[in-house]
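One-letter residues, chain by chain:
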Amino acid sequence: MQIKNHRIEQYWYRQSSNVTPATTIVPRFVVLHYTTGWDGAASRDWLLGAAGGSSNQGSSAHLVIDRDGGAWQICPFNRRAWHAGPSRLGSLRDLNSHAIGIELVNPGWLKPDGLGGWIDGHGHHRSDQQLIDFGGYLLAPHSRVGADVYAWPRFADAQIRSARAICELLVHKYAIQAFVTHEQIDTRGWKTDPGPAFPMAAFSELVEDFGRVHRPLRHAVNATRLNLRGGPGLGFERVDPPGQLGRGTLVDLQHQDQDWAYIEVADGDHAGVLGWVHASYLDRIWN
Ligand SMILES: [Zn+2]
């Protein structure tokens, strides 16, 4: 496989109508999605918009990967497709302007119907046997969906192999800094894709193997006043000076212990001071 003119040469290609006209992007991230559908060709046509004979005027992606590993490209990698929606990654907003969107054919979560069967995201009923025949599923809770335990249909092996090969190609061609999930960047709080059945860690490794993740990672404080502590917890005394860090202070992440981050202050009078802060008050700076 190879990429020429921002297209994977070997793949079927047709450009979606749902692409920002006359806008080019420099891809730095890859956002992984599922289609919330059972049928690959139907999702492809939906994401093609008018070009696929569908009424969809609001979404697209760069690639759709079917369960048999076949893929359709529907937007060149240097054009702005519409897959991320309102989104944020650390300090960066509008991921559509910075990312390649890959849709994997998968129905997403199904909720229990109370009788041993399942109801998919479109309200359609599926028996347990239908899910098993489709490839099986993982049972997992998800706070964004509700209080139940949900069925997450597995991705097909051929589909994951194909996605990995494509992502490896993208890492070599573009300055991809990270693979992210739609769930991770969605600011509306309801996206769940590609979900717990997707082997996300295997994809994140692709950039780490390529040496693109430079540590320490720069962050900015997003709280008005953030306590800098001597250890990873509220019980530890403040490091004084500076005691507290103001909003926007740049820090370098050295190490993370669950919700707590060990950081070095990177600017201002206290540059070089080390301590612990609660990680939710840090935004990654991408530059
Ligand atoms: Zn998505």
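Positions within a chain are numbered from 1, following the residues in the order the chain's sequence is written. In keeping with the predicted nature of the model, local features appear solely for residues at pLDDT of at least 70, side-chain atom pairs appear and are counted solely at 80 or more, and the whole-chain, interface and lining totals rest on all residues. To obtain the side-chain values, all non-hydrogen atoms of the structure were used and water was disregarded.

Q: Would you explain the coordination of the zinc ion in this entry?
A: Metal coordination angles in their ideal form are 109.5 degrees for the four-donor tetrahedron and 90 or 180 degrees for the six-donor octahedron. Taken together, His 33 (ND1), His 182 (ND1) and Asp 193 (OD) make up the protein donors of the zinc ion, found 2.1 Å from the metal. As a motif over one chain, the donors of the zinc ion read H-x148-H-x10-D. Pair noted here: His 33 is in strand β5 (residues 29-34) and Asp 193 is in the loop between α4 (182-185) and α5 (200-209), with a separation of 160 residues, a long-range link. Throughout, exposure labels follow a simple rule: accessible area from a 1.4 Å probe, protein chains only, divided by the maximum for the residue type, with under 20% read as buried, over 50% as exposed, and the rest as partly exposed. The buried category is assigned to Asp 193, whose relative accessible area is 5%. Each metal's donors comprise the N, O and S atoms found within 2.8 Å of it (within 3.2 Å for Na, K or Ca). Water is not part of the atom list, so some coordination spheres may appear incomplete. In this description a helix means any DSSP run of H or I spanning at least four residues, a strand means any run of E spanning at least two, and both kinds are numbered starting from the N terminus.

Q: I keep staring at the pattern of salt bridges and nothing clicks. Help me out?
A: Here the idea is simple: oppositely charged side chains can pair when their charged atoms come close. A pairing counts as a salt bridge when a side-chain nitrogen of Lys or Arg comes within 4 Å of a carboxyl oxygen of Asp or Glu. Enumeration over the complete set of coordinates arrives at six salt bridges. For Asp 45, the salt bridge is made with Arg 44, and the minimal N-O distance between the two is 3.0 Å. Residue Asp 45 is classed as partly exposed on the basis of its relative accessible area of 24%. The class of Arg 44 is buried, set by a relative accessible area of 14%. As a salt-bridge pair, Asp 252 and Arg 218 come within 2.9 Å of each other at their nearest N and O atoms. Within this pair, whereas Asp 252 is found in strand β21 (residues 250-257), its partner Arg 218 is found in strand β18 (residues 217-221), the two being separated by 34 residues in sequence. Assessed through its relative accessible area of 13%, Asp 252 is described here as buried. Judged by relative accessible area, Arg 218 falls into the partly exposed class, the value being 33%. A single salt-bridge network, built from bridges that share partners, covers Arg 144, Asp 186 and Arg 188.

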